[in-house]
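Okay, here's what each chain looks like letter by letter:
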Number of protein chains: 2
Amino acid sequence: MVNVALIGHGVVGSGVAEILINDNALVNEKIKDELYVKYILDLRDFPDLPYSDRFIKDFNRILEDDSVRVVAEMMGGLHPAYEFSKQCLLAGKSVVTSNKELVAAKGAELLEIAREKNVNYLFEASVGGGIPILRPMAQCLAANHIESITGILNGTTNFILNKMIVDNMSFENALKLAQDNGYAEKDPTADIEGHDACRKICILAALGFGKHVYPDQVSTEGISSITLGDVEYADRFNCVIKLIAQACREDDGHISATVRPTLVPREHILSGVHGVFNAIVVNGDKTGDLMFYGKGAGKMATASAVSADILDCAKHLTSRKYLSWTDGSDDYVITPDKACRLYVYAKAEDYDALCKSADSAFGNCTVIKNEYSKEIALITANEPESTLREKCAALCADTVKILHTLY
Amino acid sequence: MVNVALIGHGVVGSGVAEILINDNALVNEKIKDELYVKYILDLRDFPDLPYSDRFIKDFNRILEDDSVRVVAEMMGGLHPAYEFSKQCLLAGKSVVTSNKELVAAKGAELLEIAREKNVNYLFEASVGGGIPILRPMAQCLAANHIESITGILNGTTNFILNKMIVDNMSFENALKLAQDNGYAEKDPTADIEGHDACRKICILAALGFGKHVYPDQVSTEGISSITLGDVEYADRFNCVIKLIAQACREDDGHISATVRPTLVPREHILSGVHGVFNAIVVNGDKTGDLMFYGKGAGKMATASAVSADILDCAKHLTSRKYLSWTDGSDDYVITPDKACRLYVYAKAEDYDALCKSADSAFGNCTVIKNEYSKEIALITANEPESTLREKCAALCADTVKILHTLY
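Residues numbered from 1 in each chain as written. Chains lettered and ligands numbered in written order. Predicted model: local features only at pLDDT ≥ 70, side-chain atom pairs only at ≥ 80, totals over all residues. Heavy atoms only, no water.

1. Looking at the overall build of chain A
The condition is simple: Under the scheme used here, helices are H or I runs from DSSP no shorter than 4 residues and strands are E runs no shorter than 2 residues, and both carry numbers assigned from the N terminus. Radius of gyration here is computed from C-alpha atoms only, and the compact-globule reference equals 2.2 Å multiplied by the residue count raised to the power 0.38. Burial status follows relative accessibility: with a 1.4 Å probe on protein chains alone, a residue under 20% of its type maximum counts as buried, one over 50% as exposed, and anything between as partly exposed. Note on contacts: a residue pair qualifies if any of its non-hydrogen atoms lie within 4.5 Å across the two residues. Residue exposure ignores everything except the shown protein chains as possible cover, and the areas themselves are Shrake-Rupley values with a 1.4 Å probe.
Helix and strand counts for chain A come out as 14 helices and 18 strands. Since a compact globule built from 407 residues should have a radius of gyration of about 22 Å, the 24 Å found for chain A is in line with a globular shape. Projected onto its principal axes, the C-alpha coordinates of chain A cover approximately 75 × 50 × 35 Å. Here chain A, with 407 residues, has 59% of them falling under the buried criterion. Intrachain contacts of chain A at a sequence separation of at least 6 include 73% that bridge at least 24 residues. Looking at chain A as shown, the accessible area adds up to about 15700 Å², and 47% of this sits on carbon and sulfur atoms.

Below, the structure written as structure tokens:
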């Protein structure tokens, strides 16, 4: 018998309890052993649940019970999730989590403790909800050098952008709809400003390239500046705007990492990822592009990923999984001046001067000109980003907006 | 040190040798041990390779060498691949393969021997080339009841259909182009008639639903009957035609399994899978739809999947992976009469009678009528398949073609 403790009985935690307890036959069949949820730690009471007697309020009962071999932390936030996880690992228990904030902040340290104690620290649910991504990257791509990771990692922003694209809804109205549907929090900052996607690309980059990436090392830009005008111009260039998180292997052991609204050409596989779905394209030197797609959030999808990690730990109480990376460094993440194609939007009271300067700087590109609103939009040729930005600076414009593309 | 033997030095085998020998540092880092390719079995000589001294022609040298713990079989075909794999497993060696024909025919038996001998039999490369699909299904979806598996599993037919759709090329010309590009064999029967996709859905169904499915239990239809006319009508219904392999959980412990050309609506994620790419949509009761996408064939992509399995075996010499299923039965695969929407094409010299009978049978559907060529095309409403087929039989037509849809 393998005893398990659950920390947190919120959306994800209650889903995990339901799977492990109500679907116990499936679970036991998978691990060829009996899995028992011994404790559920939550400050609230749940007297109506058939397993209400398993709820506790004192973390130390889990920590001090040597019969508990696997602990699932589903509290969210950094504290006390960090302390609880660390103490459990130090006590020789495997720990599983859906807490992306914690893994992005403290993953390297917690993985190192797990390694020392010969237990597992798994967090498949922290990226892409129910989408299998971390384990396939670590195991199935083991014979690859990963070149880049490109993803739509936040369902809320993808839902909002999708509503703008398909239904011509304003950003504000789409956000309100997302909140009304429960896809966005009352305070939507973490989603809208890209912080959630940033944490996830940190975890993917760490696993793919081997060193911890801290959220503040990632250049992060949200979607609140995207207008219906941008969406329409993108459409005329046969593109859709998505919040794209990307990490790339660069020269000399460095990587680059960004989160930003990006024009995705309609022939790109990521352009077909609609609504609250997430998708991650991993480019391996042997496999080429692989894509993993599915619901990036939701109670049962996320609970399914946490549960699979729990089963994996229960099956491998004494053997360790591949998942690991080392600590990063201040200069690990760089901003290289790579060749790229940019989307450029510009507006000027002096429309003639704007057009003239655009023709002079970007004469070889298709420029969409809108005399009525005194604005232009174009997608540049493929040149070093610094060169393109110099050209943009030379535009006679009152406003210039620049977005990256996946061309 | 872990000694490995490779059987077969063809396209995939030579790719695996390159990865394991030339990229040895990466490989050793992944398994935290030294992996050594001790033998490569092939009837041909490769005197110019730097590792030409490792080639042997006698299988028994591998079988009798107890220091060889992992054997990769990459010969293809049933014999002697079956005998070699069985003997290696019986001798307590883990076996890895890319041989879908063998796994589809003998998987249950070989997995059972592996279980008895406490070694692994892994075959990630047998489905979807470099796409991680079997391990994610077995491990990451462990807490799910899988409801259905739907895939584009054959790159050759997808390439041909894509050429028909995008370039308006005839089936014959597209096939010739695929052959000229090396995507199709000189004898393209296994691809074109769906046998290759059939073997792969057998493996996916066995893993997903727990019992072996034999290729002759799967209703299999190829793409050679698809005309440019069908492709054009599909386009007018906002669909693309794909060769879709599907297995579904049905009532009372049965499953259904089919391979057939299918109309895929453009809003379906599988409609965006172009060229030689493959993709598999797995529906789990907790995760909902997940999609796995990538190159389904090719030397290094497939070799990457075989190599990852070898590394997994080398890391887990004494512990077993989830992968397993039991033998099937004659009545395991059924053909239920489910509600569906069908594409119907009909042609008749007596065009007026055809139209009249179509209006009578399918009056509630949009019917595309082509008086010039005396043919019609329609997509039915959602009704039991038997009812729809009765209605089709009542059409006053000289020719009727019926295709399934993913509506």
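Still more ground to cover, so stick around.
2. Details of the pairing of strand β11 (residues 277-284) of chain A
Residues and elements named next belong to chain A. Applied cut-off: We treat two strands as partners when DSSP finds at least two bridges between them.
Across the 8 residues of β11, 8 count as buried, placing the element largely inside the fold. In this sheet, β11 lies alongside strand β7 (residues 146-152) in antiparallel orientation, the contact comprising 6 bridges. Across the sheet, residue I152 finds its bridge partner in β11, namely A279. Both β11 and strand β12 (residues 288-295) contribute to a ladder of 8 bridges, which runs antiparallel. Pairing of A279 across the sheet is with Y293, part of β12. If you look at the hairpin formed by β11 and β12, you'll find 3 residues sitting between the two strands.

3. What to know about the relation of the copies chain A and chain B
Between the two copies of this chain, the relationship is a rotation about some axis together with a displacement along it. The criterion, for reference: Here the copies were fitted onto each other by least squares, based on C-alpha atoms from residues at pLDDT of at least 70 in both.
Superposing chain A onto chain B takes a rotation of 180 degrees plus a shift of 0.0 Å along the axis, which leaves an RMSD of 0.0 Å. Overall, the copies show the geometry of a two-fold rotation axis. Relative to the rotation axis, the C-alpha of F292(A) is the closest in chain A, positioned 2.5 Å from it.

4. A word on the nonpolar core
For the record, the criterion: Here the nonpolar core consists of buried residues drawn from Ala, Val, Leu, Ile, Met, Phe, Trp, Tyr and Cys, with membership extended through side-chain atoms lying within 4.5 Å.
Ranked by internal contacts, the top residues of the largest apolar core, which has 238 residues, are L6(A), I310(A), L6(B) and I310(B). Once residues within four sequence positions are removed from consideration, I310(A) is found in contact with V4(A), L6(A), V16(A), L20(A), L35(A), V70(A), A72(A) and V96(A). Counting 26 residues, the second-largest nonpolar core is a separate cluster that includes Y293(A), I244(B), I269(B) and V273(B).

5. Section: the environment of K315(A)
Residues and elements named next belong to chain A. Structurally, the position occupied by K315 is in helix α12 (residues 299-315). For K315, a relative accessible area of 25% gives the class partly exposed. Here the alpha-carbon distance between K315 and G210, two residues 105 residues apart in the chain, equals 25 Å.

6. A short note on the pairing of strand β9 (residues 239-249) of chain B
Of all 11 residues that make up β9(B), 10 are buried, and the element is covered over most of its length. Between β9(B) and strand β10 (residues 255-265) of chain B, which pair antiparallel one after the other, the connecting turn spans 5 residues, and D252(B) there sits at a positive phi close to 55 degrees.

7. A few points about helix α2 (residues 24-31) of chain A
Helical geometry: 3.6 residues make up each α-helical turn, so side chains three or four residues apart lie on a common side. Residues and elements named next belong to chain A. The complete set of buried residues in α2 reads L26, V27, N28 and I31. In this structure, the buried side of α2 is in contact with α1 (11-22), β2 (35-41) and α12. At the C-terminal side of α2, K32 shows a positive phi close to 50 degrees.

8. Quick word on the sheet that holds strand β2 (residues 35-41) of chain B
Residues and elements named next belong to chain B. Judged by pairing direction, the sheet is parallel, and its 6 strands sit side by side in the order β3-β2-β1-β4-β5-β6 without closing on themselves. Edge positions in the open sheet fall to β3 (55-56) and β6 (121-122), since each of these has one partner strand only. Pairing of strand β4 (residues 68-73) with strand β5 (residues 94-97) involves 4 bridges; the strand directions are parallel. Counterpart to V71 in the pairing with β5 is V95.

9. Regarding the environment of K32(B)
Residues and elements named next belong to chain B. Convention followed: What qualifies as a polar contact is a pair of N or O atoms within 3.5 Å, subject to a donor-acceptor requirement within protein and to the restriction that residues adjacent in sequence count only when both atoms come from side chains.
With respect to the element layout, K32 can be found in the loop between α2 (24-31) and β2. For the pair K32 and I280, spaced 248 residues apart in sequence, the C-alpha separation works out to 32 Å. Of the polar contacts made by the side chain of K32, one reaches the side chain of E29; its length is 3.0 Å.

10. Describing the sheet that holds strand β1 (residues 2-7) of chain A
Residue and element names in this part refer to chain A. Taken in spatial order, the 6 strands of this open sheet run β3-β2-β1-β4-β5-β6, and their pairing is parallel. Each end of this open sheet is capped by a strand with a single partner; those strands are β3 (55-56) and β6 (121-122). Relative to β2, β1 is paired through 6 bridges, and the arrangement is parallel. Bridge pairing links L6 to I40 in β2.

11. Let's talk about unusual backbone geometry
Residue and element names in this part refer to chain A. Geometrically, the link from H79 to P80 is a cis peptide bond, its omega value of 5 degrees lying close to zero. Residue placement: P80 occurs in the loop between β4 (68-73) and α4 (81-90). One non-glycine residue, N168, adopts positive backbone phi at about 55 degrees. Position of N168 among the secondary structure elements: in the loop between α7 (155-167) and α8 (171-180).

12. Things to note about the packing of aromatic side chains
Rules: Pairing of aromatic rings covers Phe, Tyr and Trp, the last through its six-membered ring, and needs centres within 6.5 Å; plane angles under 30 degrees mean stacked, over 60 mean edge-to-face, and all others mean tilted. Two limits define a charge over a ring: the Lys NZ or Arg CZ must be within 6 Å of the ring centre, and within 35 degrees of the ring normal.
Throughout the structure, instances matching the rule amount to 15 aromatic pairs over all chains. Taking 5.0 Å as the distance between ring centres and 35 degrees as the angle between the ring planes, the aromatic pair formed by F46(B) and F55(B) counts as tilted. A relative accessible area of 22% means that F46(B) is categorised as partly exposed. Clustering of aromatic rings is evident, with ring pairs tying together Y121(A), F123(A) and W325(A). Of note, K106(B) hangs over the ring of Y82(B), and the distance from its end group to the ring centre comes to 4.8 Å.

13. A look at the interface of chain A and chain B
Put simply, the test is: When two parts are put together, the accessible area they lose, computed with a 1.4 Å probe and summed over both, is reported as buried area. Basic side-chain nitrogens of Lys or Arg form a salt bridge, by our definition, when they fall within 4 Å of a carboxyl oxygen of Asp or Glu.
Listed by partner, the interface residues are 41 residues for chain A and 42 residues for chain B. Here chain A meets chain B over a buried area of about 3800 Å², counting both sides, of which 62% is carbon and sulfur. Inspection of the region where chain A meets chain B yields 2 salt bridges. There are 14 residue pairs in polar contact (both at pLDDT 80 or more) connecting chain A and chain B.

14. Description of a negative patch on the surface
Residues and elements named next belong to chain A. Heads up, the rule is: Residues forming no salt bridge and having over 30% relative accessible area are the ones grouped into patches, like charges within 9 Å of each other and nonpolar side chains (Val, Leu, Ile, Met, Phe, Trp, Tyr) within 5 Å. In this count, Lys and Arg are taken as positive residues and Asp and Glu as negative ones, while His and the chain termini are left out. Charge coordinates come from a single atom per side chain, which is NZ of Lys, CZ of Arg, CG of Asp or CD of Glu.
Residues D350, D352, E371 and D398 make up a contiguous surface patch of negative charge. If you trace the backbone, D352 turns up in helix α13 (residues 351-362). Here D352 falls in the exposed class, since its relative accessible area comes to 59%.

15. Description of the packing of helix α5 (residues 100-117) of chain A against helix α10 (residues 195-209) of chain A
Residue and element names in this part refer to chain A. Selection criterion: All axes are obtained by fitting lines to C-alpha atoms, using only the stretch in contact for helices, and the reported angles, taken between N-to-C directions, cover 0 to 180 degrees. Angle categories are assigned with fixed cut-offs, so that under 35 degrees is roughly parallel, over 145 is roughly antiparallel, 65 to 115 is roughly perpendicular, and the rest are oblique. Here is the rule for handedness: rotate from the far helix to the near one, and if that takes an anticlockwise turn smaller than a right angle the crossing is left-handed, while a clockwise turn gives right-handed. Here the term charged refers only to Asp, Glu, Lys and Arg, the term nonpolar to Ala, Val, Leu, Ile, Met, Phe, Trp, Tyr, Cys and Pro, and the term polar to all other amino acids, Gly among them.
At a closest axis distance of 9 Å, the pairing of α5 and α10 adopts a crossing angle of 50 degrees. Judged on the interaxial angle alone, α10 and α5 are oblique. For the pair α5 and α10, the sense of crossing is left-handed. Of the residues in α10, those in contact with K100, E101, V103 and A104 of α5 are D196, R199, K200, C202 and I203. Among the residues forming the contact of α5 with α10, the class breakdown is 4 nonpolar, no polar and 5 charged.

16. A word on the pattern of salt bridges
Opposite charge on two side chains lets them pair, provided their charged atoms get close. Residue and element names in this part refer to chain A. All told, the structure shown has 48 salt bridges over all chains when counted by the stated rule. Ionic pairing is found between R44 and D42, a salt bridge with its closest N-O pair at 2.9 Å. Taking the relative accessible area as the measure of exposure, R44 reaches 45% and is therefore partly exposed.

17. Here's the deal with the environment of F84(B)
In this fold, F84(B) is placed in helix α4 (residues 81-90). Residues in contact with F84(B), not counting those within four places in the same chain, are I7(B), L41(B), F59(B) and M75(B).

18. Here we look at the side chain of D191(A)
Residues and elements named next belong to chain A. Residue position: D191 is located in helix α9 (residues 189-192). At 6.4 Å, K200 is the nearest oppositely charged side chain to D191, a buried residue that forms no salt bridge. One polar contact links D191 to T156, side chain to side chain, over a distance of 3.3 Å. Leave out the neighbours within four places in its chain, and D191 touches N154, T156, T157, Y183, A184, E185, D196 and L243.

Distances and angles like these do not, on their own, reveal function.
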